[in-house]
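# Architecture and fold: a report
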Amino acid sequence: MVMTLSACFICCPQDIKLHIMQTLLETEQSYVHSLETLVKSYMRPLKSPEYSHLCSDPGMVDVMFYKLPEILNCHENFLQQLQMRINHWHDTQKIGDIISASMAKQPVLDTYTAFTNNFNRAKELISKASTKPAFFKFLEERTKEHKERLNLDDLIIQPIQRIPRYELLLKELIDNTPEDHPDQESLQLALNTVKTLATAIDESKNKADLKVRDEQALRDLEGMIDGHVALVSPQRRFIRQYGVTEMQKGARKDRCVFLFSDLILCASVKRRSGGIRRPSISALSPATLPVEACKYKLAWKLPVEDVEIVKSPASTQQANQERDLGKLEEDLSILSRISGLTETLSSPHQGLDEVLKELTETVSKRLAEMQALPALPTALLSKVELTATTHEGIESFVLLFQGQEARQTFENDFAEAKKKLAARSKDHFPPVFLYPIPIMKTRSGMQFSCAAPSLGTMSNSLRDVWVCNSDGYVGQVCLLSLTPEPTVAFCISVCSARILCIAPVPGAQDMHSIRGRVHLRVPKIPLDTGQTRPLQFLGETTANGRCIMPVSNTLNQQASDIMPFDSDDSEDEDEVAMSPGSGMAPEIRLQVDDVPMEEASSEEDLERTSSSNNLEEMSSREDLEVLQPTMWLGTEDGCIHIYQCTDNIRTRKSRTKIRHPAAVQCILYLDNKVFVSLANGDLTVYRREPGHAWDTKNPLTVTLGSSTTPISKMVSVCSKLWCGCQNNILVVDPDTLNVEYQFSVSNDTQKTVHCIVSSGLGVWVSLQATAVVRLYHAGTYENLCDVDVTQTVYKMLAGSDAIIRQHKAACLRITALLICKELLWVGTSAGVVLTLPHPKITTATTSARDISIPNGSGQGHTGHVRFLTAVDIPSGKPPAPVQRKISEQVQDRTREIQPLEREQHQRRASATAAIVSNMMVISGGDGYEDFSATAPNEAAGKEDSTNHLLLWQV
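Scope of this entry: the structure provided in the associated data block. Computed from a predicted structure; not experimentally measured.

With that out of the way, let us pick up the overall build of the protein. Assigned secondary structure in the protein consists of 23 helices and 40 strands. Sorting the 954 residues of the protein into buried and exposed places 49% on the buried side. Carbon and sulfur atoms make up 51% of the accessible area of the protein, which totals about 46600 Å².

Tallied over the entire structure, the rule returns 28 aromatic pairs. Ring centres of Phe401 and Phe410 lie 5.0 Å apart, and the angle between their planes is 35°; this geometry places the pair in the tilted category. Taking the centre distance of 6.3 Å and the plane angle of 90° together, the rings of Tyr669 and Trp694 count as edge-to-face. With Tyr669 in strand β20 (residues 664-670) and Trp694 in the loop between β22 (682-687) and β23 (695-703), this residue pair connects regions lying 25 residues apart in the sequence. On the basis of relative accessibility, which here comes to 24%, the residue Tyr669 falls in the partly exposed class.

For strand β9 (residues 432-439), the tally of buried residues reaches 7 of 8 residues, placing the bulk of the element in the interior. In this structure, β9 lies alongside strand β40 (residues 947-953), joined through 7 bridges in antiparallel fashion. Bridge pairing in β40 links Ile437 to Leu949.

Proteins that are soluble and globular tend to have nonpolar side chains buried together. Membership of the largest hydrophobic core comes to 61 residues, with the highest contact counts inside it found for Met64, Phe65, Leu68, Leu82 and Ile99. Ranked by the residues each element gives to this core, the list is headed by helix α2 (residues 16-47), at 13 residues. In this structure, Val757, Val789, Met796 and Ile819 belong to the second largest nonpolar core, which totals 27 residues.

Once that is clear, we can look at the state of the cysteines. All told, the structure shown has 1 disulfide when counted by the stated rule. Here Cys725 is not disulfide-linked; the sulfur of Cys723 is the nearest cysteine sulfur, at 8.2 Å. In this structure Cys725 comes out as buried when scored by relative accessible area, which is 7%.

Here the structure, examined in full by the defined rule, presents 23 salt bridges. For Lys808, the salt bridge goes to Glu929, with nearest N and O atoms at 3.9 Å. Linking Lys808 in helix α21 (residues 802-810) with Glu929 in strand β39 (residues 929-930), this pair joins segments that are 121 residues apart in sequence. Salt bridges here are not isolated pairs; linked through shared partners, they connect Arg121, Glu124 and Glu782.

Okay, the pairing of strand β25 (residues 720-725) next. The buried fraction of β25 is high, at 5 of 6 residues. Sheet topology places strand β24 (residues 711-717) next to β25; 6 bridges connect them, and they run antiparallel. Within the sheet, the bridge partner assigned to Met714 lies in β25 and is Cys723. Linking β24 back to β25 in an antiparallel pair, the connection comprises 2 residues, with Cys718 at a positive phi of about 50°. By the bridge criterion, 5 bridges tie β25 to strand β26 (residues 728-732) in an arrangement that is antiparallel. Residue Cys723 lies in a different strand from β26, and its bridge partner there is Leu730.

This paragraph deals with the side chain of Arg655. Looking at where Arg655 falls in the secondary structure, it is placed in the loop between β18 (639-644) and β19 (656-659). A relative accessible area of 17% places Arg655 in the buried class. Reaching out from Arg655, the side chain makes a polar contact with the side chain of Asp647 at a distance of 2.8 Å.

Where helix α6 (residues 106-129) meets helix α9 (residues 158-175), the closest approach of the two axes is 10 Å, and the angle between their N-to-C directions is 135°. Judged by the angle between their axes, α6 and α9 are oblique. In the crossing of α6 with α9, the sense of the turn from one axis to the other is left-handed. The residues of α9 that touch α6, namely those facing Tyr112, Phe115, Thr116 and Phe119, are Pro159, Ile160 and Ile163. Partitioned by chemical class, the residues of the contact of α6 with α9 number 6 nonpolar, 1 polar and no charged.

With that settled, the discussion passes to the packing of α9 against helix α10 (residues 183-224). Closest axis-to-axis distance for the α9/α10 pair is 9 Å, and the angle between their directions is 155°. As the angle between them shows, α9 and α10 are arranged roughly antiparallel. Considering the relative orientation of α9 and α10, their crossing is left-handed. Contacts between α9 and α10 involve Ile160, Ile163, Tyr166, Glu167, Leu170, Lys171, Leu173 and Ile174 from the first element and Gln184, Leu187, Gln188, Ala190, Leu191, Val194, Lys195, Leu197, Ala198, Ile201 and Lys205 from the second. Tallied by class, residues from the contact of α9 with α10 come to 13 nonpolar, 2 polar and 4 charged.

Here we take up the sheet that holds β25. Whenever strands of a sheet pair, they do so through backbone hydrogen bonds, lying parallel or antiparallel. Pairing is antiparallel across the open sheet formed by 4 strands, whose spatial order is β24-β25-β26-β27. Strand pairing shows two members of the sheet lacking a second neighbour, β24 and β27 (739-744), which therefore form its edges. When strand polarity is set aside, the average angle formed by the axes of neighbouring strands in this sheet is 20°.

What follows deals with unusual backbone geometry. Of note, the phi angle at Lys67 is positive, near 70°, even though the residue is not glycine. Within the secondary structure, Lys67 sits in the loop between α3 (58-64) and α4 (68-87). On the basis of relative accessible area, Lys67 is assigned to the partly exposed category, the value being 22%. Notably, Gln726 is not glycine yet its phi reads approximately 60°, a positive angle. Mapping Gln726 onto the fold places it in the loop between β25 and β26. Note on Gln726: relative accessible area 23%, which makes it partly exposed.

So, about the environment of Lys383. Within the secondary structure, Lys383 sits in strand β7 (residues 383-390). Overall, Lys383 belongs to the partly exposed group, its relative accessible area being 30%. Lys383 sits 139 residues away from Val244 along the chain, and the two C-alpha atoms are 9.6 Å apart.

Our focus in this paragraph is the sheet that holds strand β29 (residues 762-767). Spatial strand order, β28-β29-β30-β31: 4 strands in an open sheet with antiparallel pairing. Two strands in the sheet have a free side with no partner beyond their single neighbour: β28 (753-759) and β31 (783-788). Ignoring strand direction, the axes of neighbouring strands in this sheet form an average angle of 20°. Judged from the 6 bridges that link them, β28 and β29 form a sheet pairing that is antiparallel. Following the sheet pairing, Cys755 is matched in β29 by Ser766.

Definitions and limits used
- Residues numbered from 1 in each chain as written.
- Predicted model: local features only at pLDDT ≥ 70, side-chain atom pairs only at ≥ 80, totals over all residues.
- Heavy atoms only, no water.
- Helix = DSSP H or I, 4+ residues; strand = E, 2+ residues; numbered from the N terminus.
- Buried < 20%, exposed > 50% of the residue type's maximum accessible area, 1.4 Å probe, protein only.
- Areas by Shrake-Rupley, 256 points an atom, 1.4 Å probe, with all protein chains shown as cover.
- Phe/Tyr/Trp six-rings, centres within 6.5 Å; stacked < 30°, edge-to-face > 60°.
- Pairing = 2+ DSSP bridges.
- Core = buried A, V, L, I, M, F, W, Y, C linked by side-chain atoms within 4.5 Å.
- Disulfide = S-S within 2.5 Å.
- Salt bridge = Lys/Arg side-chain N within 4 Å of Asp/Glu carboxyl O.
- Polar contact = N/O pair within 3.5 Å; in protein donor to acceptor, adjacent residues only side chain to side chain.
- Axes fitted to C-alpha atoms, helices over the stretch in contact; angles between N-to-C directions.
- Parallel < 35°, antiparallel > 145°, perpendicular 65-115°, else oblique.
- Left-handed = near helix turned anticlockwise from the far one by under 90°.
- Contact = heavy atoms within 4.5 Å.
- Nonpolar A, V, L, I, M, F, W, Y, C, P; charged D, E, K, R; others polar.

Encoded structure:
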């Protein structure tokens, strides 16, 4: 029998279970109404143009109401199911199953956890925005409109409170449901599900609260320690404080050591008027941090991972003594048990008793002698020597603790902190170094400037890497071919100026418009046969891998109009056949049927087309060229040289040469446009219609900077153009070329943006002549974190010559950035290449200061890292290890160029099996150096002036 809820109440007014169900339904309706109010009356209006002025940053609104739309969606669905069950209530109706199904979903847990973690941040932003009269007035109006006069604070706390209320209602339902009722089991399961959800949310909230307390403790310490110490970092935790005496050149100085999860800080105790106060040496937690304690002055600080404890002879001797005493005492205990067992023997055992007595006397005598040894001096037992890698090399610090117990506590805490740091770093798989490739200079003074991989063509998906270098007078391109192995195919001069930038540009994508304009001789096929074939590019499956296409000896008219020049190209040949990957343009024969064209065409057709064959071939060739990807090279003399990716640059000049009034600083392709930044502050944009060639005669130009503040770097970020202009970032709309937003990266106008890369919602920026890389949010433009690579570079240089190390440390700066497979690569002026995991950034991310410490690669350059680039290798066409070991090929190549050490050959051979990834990272720089070498290398310094390409597997 089915009845409605109201009818059931009339029949059974005393039914407690139905009353509980009614309470559940009413509270759920109220909760959903509150969520709707938050989304529809607060969030959406604040994001609308009418109220957009109330929040200076649109991203703030998303943070204030983070995950509320998702929570609303979950509970709207749950309310609908709940309403249906209660409206059709009967004696055996179940309710626990829909509660379990709704609350057990992983998205529900993730959503509530994310909301809880962000809750404090949301409250902080709301409080900050409420200080503005207009925003406060908006909140007051919304409060008056609410039927219960609930304000924003009352509403936004409800998701935190809702889950525990489910638990209370479910307990009441279980108590008022008979044991044999069909819903009893599902209600128990629902209660367990809700408990699990509530526990997970509470744990998440506790972690978030603990994180806030930890950060507050770090801020309190910052206020206690003079010396501009920046301690606040979400992943950093204060562990303990120790009173010590530091030995410095025979002198004793009172110090206080603060141990953090990733940092050791030593400070002197500042004296106060009215007497001397010694620092507290009690074990302190962030909750009991003595904010009113002594003031301190920074002496030194070191990363935990760079510090090692040197075991002193005294501590080693003490440990040995304690170990020996323990063993002797254990031996005595065993002998005593054996003696007791002999008493139970029924056979004669006089000889055994004598042996045991003699052995016991010997052990007892030895134990007495050990116990009689004089105790080691307290000073020796409380002494700790630390060694650390700094920019000065290996430094030592000697600390005297106030007793052996205090020293042991420090050593245990330090070892635990170091262990946790090591475990955290293991989460990131390090790139595998393959081998270096030396490039002999054809002219003195040649240095790398930039590099980029070419784009695969329609008939050949293999990609080469174009490496540019120059001596200031000549621009040269070296082609790194990846098949059958990574090898420099050739180096050729292409212009009389320094090449400053290079960018690959895809070919036209609109095949339909191309086909409409390409005239092909197609055999006549009756329409009713259904024999149709798409346009095909033949030659990839031939026995010798050749691709053939008739070549016209007429140059692209548009290119010749822009910059005519005499050419000694071998373009007058009628037909050229080259295998893919040879560096020369593959020739293509177009065909749409297996039947030869001449046989399928009638004599009349041939006569009609014979007069226009040349025009058709020329038109077909020009249209096919539009489909080919190109490489754009920007030079210091203001020219852009455009090549097809398949051009043989050894025998032909650029297809197009465009002059500009100033040096070409950067080239970027985005949304069928090519953006070119010039040294005079102009931004020039080249466009093309779908399926057509680039309109190089009618570019758009806007002035965003000046000759003293040009656009130095550009990158595409979320369909916007981020331009580095002096010490600022300009966010430009690529369609209107209007500057939508502008923010400063540094207060120092002399520090210009030098490198900028992006991935997802994260943008990494480094400034000229600095060793810090900054991470920004692509949506809110907030600075999420700053990473200083100095300490990691110092650590990598620890084994270098002292003079060289000091010189590199004095002028350390970041010279190149790259993001590949969510890993940030950093090139430095010291030649050290670093990697750093790129954090996952969402629209609500407000900080990324818990990022891991950079890792240094054991292989790098002797001088500057000039560029970093990455190239993907098609999975179906792996490099040489499929056919022949890379180590063998490297040995062949190095014998021809210059002999290298056997150790290098062995390293290359060990990397043979490692090339299984489809990504390869390449760095270019001055010389090659193995920073991981433990022994001096006789070959070190011999190739410092030789440019090297270093290859990694990612």
